[in-house]
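# Results of the structural survey
The residues making up each chain are set out below.
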Amino acid sequence: MDLQQFEQLKKRFQNGNVDEKIDIYVTTEGLTQEQYKQLLRLFPLEHLSKLESALQ
């Protein structure tokens, strides 16, 4: 995924609700470790357990 595509994805992630954020985080392929970290920084920490459950 190139930088422009990632910036668009990041914008969608920022604007999405918690379920949309989880869906993007779990289903998007081809991200680097750093890109995953960037998305994780934008994720609401109070819902982190939901994301952890979706990743299992």
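For the structure given in this document, a descriptive report is provided here. All values reported here derive from a predicted model rather than from experimental measurement.

## Let's talk about the packing of aromatic side chains
Evaluated as defined, the whole model comprises one aromatic pair. Aromatic side chains Y25 and Y36 sit 5.3 Å apart centroid to centroid with 65° between the ring planes, which places their arrangement in the edge-to-face category. Residue Y25 is located in helix α2 (residues 18–27), and its partner Y36 is located in helix α3 (residues 33–42); the two are separated by eleven residues in the primary sequence. For Y25, a relative accessible area of 11% gives the class buried. We note K21 situated over the ring of F13; from NZ or CZ to the ring centre the distance is 5.4 Å.

## Digging into the pattern of salt bridges
In total, this model carries three salt bridges according to the counting rule given. In this structure, K10 and E7 form a salt bridge, with 3.8 Å as the shortest nitrogen-oxygen distance. Of this pair, K10 and E7 both sit in helix α1 (residues 3–15), three residues apart, which is roughly one turn of the helix. Classification of K10 by relative accessible area gives buried; the value is 18%. Overall, the relative accessible area of 34% leaves E7 in the partly exposed class. In this structure, D19 and K50 form a salt bridge, with 3.1 Å as the shortest nitrogen-oxygen distance. Of this pair, D19 sits in helix α2 while K50 is found in helix α4 (residues 48–55), placing the two residues 31 residues apart along the sequence.

Procedures and definitions
- Residues numbered from 1 in each chain as written.
- Predicted model: local features only at pLDDT ≥ 70, side-chain atom pairs only at ≥ 80, totals over all residues.
- Heavy atoms only, no water.
- Phe/Tyr/Trp six-rings, centres within 6.5 Å; stacked < 30°, edge-to-face > 60°.
- Helix = DSSP H or I, 4+ residues; strand = E, 2+ residues; numbered from the N terminus.
- Buried < 20%, exposed > 50% of the residue type's maximum accessible area, 1.4 Å probe, protein only.
- Lys NZ or Arg CZ within 6 Å of the ring centre and 35° of its normal.
- Salt bridge = Lys/Arg side-chain N within 4 Å of Asp/Glu carboxyl O.

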